[in-house]
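Overview (structure and organization)
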2 protein chains.
Amino acid sequence: MRMSERVEWAAHCAVLLALLPDGRSLTAAQLAEYHGVPGPYLAKSLQALMQAGIVASRSGRSGGYRLARAADAVSLLDVFDAIEGEGAFFRCTEIRRRGPSRVAAARYTPVCGVAGAMWEAEQAWRASLARVNIADLAAGTVADAPPEAVAKGVRWLATVRVT
Amino acid sequence: MRMSERVEWAAHCAVLLALLPDGRSLTAAQLAEYHGVPGPYLAKSLQALMQAGIVASRSGRSGGYRLARAADAVSLLDVFDAIEGEGAFFRCTEIRRRGPSRVAAARYTPVCGVAGAMWEAEQAWRASLARVNIADLAAGTVADAPPEAVAKGVRWLATVRVT
């Protein structure tokens, strides 16, 4: 069971957008260049982030993306859900209600033990990701990145046509 | 990101095997019939459980499956890992090391913030599933199932050729 790498791309894009000066934005092509990822696929991810209200774009040829809300109001879980959808990892097909032991559906407890345990684990996962926001990740990125990488990133931002 | 339904099948098979009298086993076809799932696909799952040391089989035509160890020594996480493999949901492709800001790989921290947060959430998920064992699920199944379903299950077990 593996997460799409588009979640990783989307998270890093959100972090970079959080580091832009106020009012600035970057196009899909610029975000793709900065992260070394394929532009057309990244554009799809950015559209998913837009549909989820995480980024906003200016229309037109100079249109770029910016965060649609404060970076500390966007969690890593929000980014995951935007890309992968909010469906559960575990989807119960109620196999306890099949086969020779089955009785009328209404007589079973609402949730069997297997499904209950799976969903409890999933809630623990979601709660952990919900505690991490893009503002903290952005601050951590600047603090942890090699100083030369930060300097190169800042120089790159100065050279691109930031809209 | 969705889990294979074979995890659900495998967990319910392990629960049923935990409820068998000592020394008894069930064939793949019997396990498939009881759970109303496709036999050939279930056989693949049972082989994965066997490779993980969760079930054991007797060879030959009468060969059936039984738990290979005590039911309270098999966690729901063990079952998941047997079916889905132990790889992480999130696999970091180190996109921070690409693009115009990149510097030599050795200069980066071992784990970036995005990957660290993803893996921490995953550890919470794994810890939750590791706390649930097949013995508890089996006891819960008997306690929670409609009494008529338990009776029908017991009658079915008495009619099949339990090896």
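Description of the structure in this document. Computed from a prediction, not measured in an experiment: that's the story for all the values here.

Turning to the relation of the copies chain A and chain B, a few remarks are in order. Once chain A has been moved 0.0 Å along the axis and rotated by 180°, it coincides with chain B to within an RMSD of 0.0 Å. Taken together, the rotation and translation describe the operation of a two-fold axis. Measuring from the rotation axis to each C-alpha of chain A, the shortest distance belongs to A:Trp125, at 2.5 Å. A share of 100% of the interface residues of chain A reappears at the interface of chain B, consistent with the copies meeting face to face through the same patch.

Further remarks concern the nonpolar core. Counting 104 residues, the largest nonpolar core has A:Trp125 and B:Trp125 as its most contacted members. Sequence-distant contacts of B:Trp125, that is, excluding residues within four places in its chain, are made with A:Phe89, A:Ala121, A:Glu122, A:Trp125, B:Met3, B:Leu77, B:Phe80 and B:Phe89.

With 56 residues of chain A at the contact, the number on the chain B side is 56 residues. For the pairing of chain A and chain B, the buried interface totals around 5,200 Å² over both sides, and the portion due to carbon and sulfur atoms is 66%. Between chain A and chain B we count two salt bridges in total. The salt bridge partner of A:Arg107 is B:Glu148, with a shortest N-O separation of 2.4 Å. For the interface between chain A and chain B, the tally reads 16 residue pairs in polar contact (both at pLDDT 80 or more). Among the secondary structure elements, those contributing two or more residues to the side of chain A that touches chain B are helix H1 (5-19), helix H2 (28-35), helix H4 (76-84), helix H5 (113-130), helix H6 (134-144) and helix H7 (147-159) of chain A. Counting residues per element, the side of chain A that touches chain B draws most heavily on H5(A), which supplies eleven residues. The residue inventory of the side of chain A that touches chain B, partitioned by class, reads 30 nonpolar, ten polar and 16 charged.

The rules behind these values
- Residues numbered from 1 in each chain as written.
- Chains lettered and ligands numbered in written order.
- Predicted model: local features only at pLDDT ≥ 70, side-chain atom pairs only at ≥ 80, totals over all residues.
- Heavy atoms only, no water.
- Least-squares fit on C-alpha atoms with pLDDT ≥ 70 in both.
- Contact = heavy atoms within 4.5 Å.
- Core = buried A, V, L, I, M, F, W, Y, C linked by side-chain atoms within 4.5 Å.
- Buried < 20%, exposed > 50% of the residue type's maximum accessible area, 1.4 Å probe, protein only.
- Buried area = accessible area lost by both parts, 1.4 Å probe.
- Salt bridge = Lys/Arg side-chain N within 4 Å of Asp/Glu carboxyl O.
- Polar contact = N/O pair within 3.5 Å; in protein donor to acceptor, adjacent residues only side chain to side chain.
- Helix = DSSP H or I, 4+ residues; strand = E, 2+ residues; numbered from the N terminus.
- Nonpolar A, V, L, I, M, F, W, Y, C, P; charged D, E, K, R; others polar.

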